[in-house]
Amino acid sequence: MRTNVWLAIAVVLMLPVIFFTVSCTKKVVQTEPVSTTEPEVQKAPERSAEEAEQAGRLEEDRLRVEAAAREAAERAFLNESIHFGFDSFVLSDQARQILNSKADYLRLNPDIAITVEGHCDDRGTDAYNSTLGERRAESVTMFLVDLGIGTNRLNTVSYGEERPIAIGHNEASWAKNRRAQFAIN
């Protein structure tokens, strides 16, 4: 009887081991063979001559538009003057706004150096108008320097009453001539 007990215990202990071994067998999955050659790199299709020509025209058009925009910005920069009151070199609020936009232009074009030209109307002596024109040009230059434009990019000159843009002896003409104007060096 003892042998039967031992045999039963052995069977009971062996059953889980057999069951576990059978249920955990590895499943073999068949895969495709691995290629040892380099994978093919898909090349971009070559452009036809027409497509290349069209791309060239588009690039030319883009460059032309950019050049026109630069020229328009430069013309706007040069054509907008700063005007002053009679016998004054103080910048008005409008003048400060104009100078802020001019400073933006100069920041975008760091290779540009300018000359600020001071002008006056024809009232007053030549010496007085020359000094007043210089003060006007310096006033504009100092404002631009305060906005971060380097002094190495700014020159001043006074023309006094020598270069009027409006001929006449009335307030409208004199007001147009009391200005600071800009020239690109």
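Notes on the structure follow.

Right, let's get into the sheet that holds strand β1 (residues 82-83). Working definition: the strands of a sheet are paired by backbone hydrogen bonds and lie parallel or antiparallel to each other. Taken together, 4 strands build an open sheet; the order of strands is β1-β4-β2-β3 and the sheet is mixed. Lying at the two open borders of the sheet, with one neighbouring strand each, are β1 and β3 (154-160). Bridging between β1 and strand β4 (residues 179-184) involves 2 bridges; their strand directions are antiparallel. Following the sheet pairing, His83 is matched in β4 by Arg179. Its contacts with the sheet place helix α2 (residues 49-79) against β2 (114-119) and β4, and it is angled at close to 145° to β4. Seen against the sheet, helix α4 (residues 126-146) touches β1, β2, β3 and β4 and runs at an angle of roughly 155° to β3.

At a minimum axis separation of 10 Å, helix α3 (residues 93-108) and α4 run at an interaxial angle of 55°. Taken together, the axis directions place α3 and α4 in an arrangement best described as oblique. Crossing hand, α3 versus α4: right-handed. Facing α3, whose interface residues are Arg96, Leu99, Asn100, Ala103 and Leu106, α4 presents Val140, Phe143 and Leu144. Across the contact of α3 with α4, the residue classes tally to 6 nonpolar, 1 polar and 1 charged.

Note that β2 and β4 share 5 bridges and pair antiparallel. Across the sheet, residue Thr115 finds its bridge partner in β4, namely Ala183.

This part is about the nonpolar core. Ranked by internal contacts, the top residues of the largest apolar core, which has 21 residues, are Ile82, Ile114, Val140, Leu144 and Phe182. Secondary structure elements with two or more residues in this core: α3, β2, α4 and β4. Broken down by element, this core gets its largest block of residues, 6 residues, from α3. Look past the residues within four positions of Phe182 in its chain and what remains in contact with it is Phe77, Leu78, Glu80, Ile82, Leu99, Lys102, Ile114, Thr115, Val116, Val140 and Leu144.

With that settled, the discussion passes to the side chain of Arg179. Mapped onto the secondary structure, Arg179 falls in strand β4. Comment: no salt bridge for buried Arg179; closest opposite-charge side chain is Glu117, at 6.0 Å. Side-chain polar atoms of Arg179 contact the backbone oxygen of Arg163, separated by 2.8 Å. If we ignore the near neighbours within four places in the chain, the residues touching Arg179 are Ser81, Ile82, His83, Phe84, Glu117, Gly118, His119, Arg136, Arg163, Pro164 and Ile165.

Parameters at a glance
Residues numbered from 1 in each chain as written. Predicted model: local features only at pLDDT ≥ 70, side-chain atom pairs only at ≥ 80, totals over all residues. Heavy atoms only, no water. Pairing = 2+ DSSP bridges. Helix = DSSP H or I, 4+ residues; strand = E, 2+ residues; numbered from the N terminus. Contact = heavy atoms within 4.5 Å. Axes fitted to C-alpha atoms, helices over the stretch in contact; angles between N-to-C directions. Parallel < 35°, antiparallel > 145°, perpendicular 65-115°, else oblique. Left-handed = near helix turned anticlockwise from the far one by under 90°. Nonpolar A, V, L, I, M, F, W, Y, C, P; charged D, E, K, R; others polar. Core = buried A, V, L, I, M, F, W, Y, C linked by side-chain atoms within 4.5 Å. Buried < 20%, exposed > 50% of the residue type's maximum accessible area, 1.4 Å probe, protein only. Lys, Arg positive; Asp, Glu negative; His and termini not counted. Salt bridge = Lys/Arg side-chain N within 4 Å of Asp/Glu carboxyl O. Polar contact = N/O pair within 3.5 Å; in protein donor to acceptor, adjacent residues only side chain to side chain.

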